[in-house]
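Per-entry structural report
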Amino acid sequence: MDAPTAFNATKPTVETKEKVDYFNLPCPIPYEEMHREALISLKPEVFEGMRFDFTKGLNQKFALSHSVFMGPTEIPSQSSETIKIPTAHYEFGANYLDPKLMLFGRVLTDGRVNARVKCDLSDNLTLKANAQLTSEPHMSHCMVNFDYKGKDYRSQFQLGNGALFGANYIQSVTPNLSLGGEVFWAGQHRKSGVGYAARYSTDKMVATGQVASTGIVALSYVQKVSEKCRLRGKIDSNGCVTAFLEERLNMGLNFILSAEVDHRKKDYKFGFGLTVGE
Amino acid sequence: MASKGVSLKVKGKSSASKSKGSSSSSSSDEKSMCKALKDWSNWGLKKAKVIAHYGFIPLVIIIGMNSEPKPSLSQLLSPV
């Protein structure tokens, strides 16, 4: 009889909030992933044509992938109509995934190489590099990032080809709110810019805002409605309706359907594909 | 030419020293050293780009084939 009342007395009441320990805030989300929830639902990888991906794992860390794509690709045109050229390409890729080192390489039939490297130099310092290399001169791009993760902040320094320098910093201010800023300088185009961002997240929703001196203002709000979500749809202010469905048919077999209808430009894109492998 | 911030700054420095008129040995040495440094760094970057372009995927494959447990060559080449 006494035991339940004693137990109730030691439990704190629901109304008292836990005191915020400002010296123990969680580490914030990296600056470039600020809009992650919004982008996952609003920017699915829509494509037009047929796509087939096959990933073969050779061991726990190493995998090869083969990908075939057949479909029209758009080329920029002066008139209002979109010009599409049918293309087909095969892409071979190799991935190596280690807790400390990640290597990701893709090579296409036209000789373009897409390479990504992520290396943990120490517990808190990470080196990331991203490069698109082509045989044509002056068309290759490369970007190297150094990330430092502190207890409740993250800072990043970026170097790119064409004398591109950037730095950003984000700090947790309360358990739900994090604020950050960035600066960049592009030597080739003689441009520089400053930007600020804020992210407020709880268990049920995420709201982010970002402004930059390049003229970007981005605000997003995502509300978690249910745990699983397989169909993603979006309507745009440009008159564009998009739907993307990713269905798991079997272990290691994914079926993808993508549709984009642009009413203003009268451009309709439908794609289907299959992904095999983990 | 792939113009980088460093190369533009060095060009400005060398043209400023040229316009000074005083062709003392120290300034001409500095000019040629800057030019040599710029040429060497450009040459190095070009070679690094070609090496990365052709060698990155073979590098990933070599690292992967040497990781534990070692996969066999037949697994690499067969489509299944």
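About the criteria used
- Residues numbered from 1 in each chain as written.
- Chains lettered and ligands numbered in written order.
- Predicted model: local features only at pLDDT ≥ 70, side-chain atom pairs only at ≥ 80, totals over all residues.
- Heavy atoms only, no water.
- Helix = DSSP H or I, 4+ residues; strand = E, 2+ residues; numbered from the N terminus.
- Buried < 20%, exposed > 50% of the residue type's maximum accessible area, 1.4 Å probe, protein only.
- Areas by Shrake-Rupley, 256 points an atom, 1.4 Å probe, with all protein chains shown as cover.
- Contact = heavy atoms within 4.5 Å.
- Phe/Tyr/Trp six-rings, centres within 6.5 Å; stacked < 30°, edge-to-face > 60°.
- Buried area = accessible area lost by both parts, 1.4 Å probe.
- Polar contact = N/O pair within 3.5 Å; in protein donor to acceptor, adjacent residues only side chain to side chain.
- Nonpolar A, V, L, I, M, F, W, Y, C, P; charged D, E, K, R; others polar.
- Salt bridge = Lys/Arg side-chain N within 4 Å of Asp/Glu carboxyl O.
- Core = buried A, V, L, I, M, F, W, Y, C linked by side-chain atoms within 4.5 Å.
- Patch = residues over 30% accessible without salt bridge, like charges linked within 9 Å, V, L, I, M, F, W, Y side chains within 5 Å.
- Expected span 1.5 Å × (residues − 1).
- Bend = angle between axes of the 7 residues up to and from the residue.
- Pairing = 2+ DSSP bridges.

**Considering the overall build of chain B**
A count of helices and strands for chain B gives three helices and zero strands. Along chain B, from the amino end to the carboxyl end, the secondary structure elements read α-α-α. For chain B, with 80 residues in total, the buried portion stands at 19%. In the form shown here, chain B has an accessible surface area of approximately 5,900 Å², with 68% of it arising from carbon and sulfur atoms.

**Some words on the overall build of chain A**
Each helix and strand in chain A was counted, giving two helices and 17 strands. Taken over the C-alpha atoms alone, chain A extends approximately 80 × 45 × 45 Å along its principal axes. Expressed as a percentage of its 278 residues, the buried residues of chain A come to 32%. Of all intrachain contacts in chain A linking residues separated by at least 6 positions in sequence, the fraction that spans at least 24 positions is 30%.

**A short note on the packing of aromatic side chains**
All names here are of chain A. In total, this model carries four aromatic pairs over all chains according to the counting rule given. Judged by centre distance (6.1 Å) and plane angle (20°), the rings of Phe165 and Trp185 are stacked. Within this pair, whereas Phe165 is found in strand S9 (residues 164–172), its partner Trp185 is found in strand S10 (residues 177–186), the two being separated by 20 residues in sequence. Using a relative accessible area of 34% as the deciding quantity, one classes Trp185 as partly exposed.

**What about the interface of chain B and chain A?**
Across the boundary between the two partners, chain B contributes 25 residues, which contact 30 residues of chain A. Between chain B and chain A the total buried area reaches about 2,100 Å² when both faces are included, carbon and sulfur atoms providing 71% of it. Of all residues in chain B, the largest losses of buried area upon contact with chain A belong to His53, Phe56 and Ile57 of chain B, amounting jointly to 28% of the total for that side. On the surface where chain B and chain A come into contact, there are five residue pairs in polar contact (both at pLDDT 80 or more). Of the residues forming the side of chain B that touches chain A, the biggest block, 10 residues, is contributed by helix H2 (residues 25–65) of chain B. A per-class count over the side of chain B that touches chain A returns 15 nonpolar, seven polar and three charged.

**Examining the pattern of salt bridges**
Under the counting rule described, the total for this entry stands at 12 salt bridges over all chains. A salt bridge links Asp39 of chain B to Lys35 of chain B; its shortest N-O distance comes to 3.5 Å. Separated by four residues within a single helix, Asp39 of chain B and Lys35 of chain B lie in helix H2, roughly one turn from each other. Taking relative accessible area as the criterion, Asp39 of chain B reaches 40% and is therefore assigned partly exposed. When salt bridges with common partners are traced through the structure, they connect Glu32, Lys128 and Asp147 of chain A into a single cluster.

**A closer look at the nonpolar core**
The biggest cluster of nonpolar side chains holds 14 residues, and the ones touching the most others in it are Phe62 and Leu64 of chain A together with Val60, Ile61 and Leu76 of chain B. Of all the secondary-structure elements, those providing two or more residues to this core are strand S2 (62–75) and strand S3 (83–97) of chain A together with H2 of chain B. Of all the elements, H2 of chain B adds the most residues to this core, at five residues. Not counting residues up to four positions away in its chain, the partners in contact with Val60 of chain B are Phe62, Ala94, Asn95, Tyr96 and Leu103 of chain A.

**Considering the environment of Ala94 of chain A**
Here Ala94 of chain A lies in strand S3. The exposure class of Ala94 of chain A is buried, given its relative accessible area of 0%. Spatially, the C-alpha atoms of Ala94 of chain A and Phe104 of chain A are 6.1 Å apart, while their sequence positions differ by 10 residues. Setting aside residues no more than four positions away along its own chain, Ala94 of chain A makes contact with Phe62, Ala63, Leu64, Leu103, Phe104, Gly105 and Arg106 of chain A together with Val60 and Ile61 of chain B.

**With respect to a nonpolar patch on the surface**
On the surface, Leu121, Phe146, Phe157, Leu159, Phe165 and Trp185 of chain A cluster together to form a nonpolar patch covering roughly 510 Å² of accessible area. The residue Phe146 of chain A is located in strand S7 (residues 141–149) in this model.

**Topic: H2 of chain B**
All names here are of chain B. Between its terminal C-alpha atoms H2 stretches 56 Å, which fits the 60 Å expected from 41 residues at 1.5 Å a residue. Taken as a whole, H2 carries its principal kink of about 50° at Gly55; the proline Pro58 stands between one and four residues after it. Within H2, the full set of buried residues consists of Cys34, Asn42, His53, Phe56, Ile57, Val60, Ile61, Gly64 and Met65.

**Digging into the side chain of Thr134 of chain A**
Within the fold, Thr134 of chain A resides in the loop between strand S6 (125–133) and S7. For Thr134 of chain A, a relative accessible area of 10% translates into the label buried. Looking at Thr134 of chain A, its side chain comes within polar contact range of the main-chain oxygen of Glu136 of chain A, at 3.2 Å. When sequence neighbours within four positions are dropped, the list of residues in contact with Thr134 of chain A reads Arg112, Met139 and Ser140 of chain A together with Lys49 and His53 of chain B.

**So, the pairing of S7 of chain A**
Remember that side chains alternate between the two faces of the sheet whenever the strand is regular. Residue and element names in this part refer to chain A. Alignment of S6 against S7, held across eight bridges, turns out to be antiparallel. Within the sheet, the bridge partner assigned to Thr126 lies in S7 and is Asp147. Alignment of S7 against strand S8 (residues 153–160), held across seven bridges, turns out to be antiparallel. Within S8, the residue paired with Val144 across the bridge is Leu159. If you look at the hairpin formed by S7 and S8, you'll find three residues sitting between the two strands.

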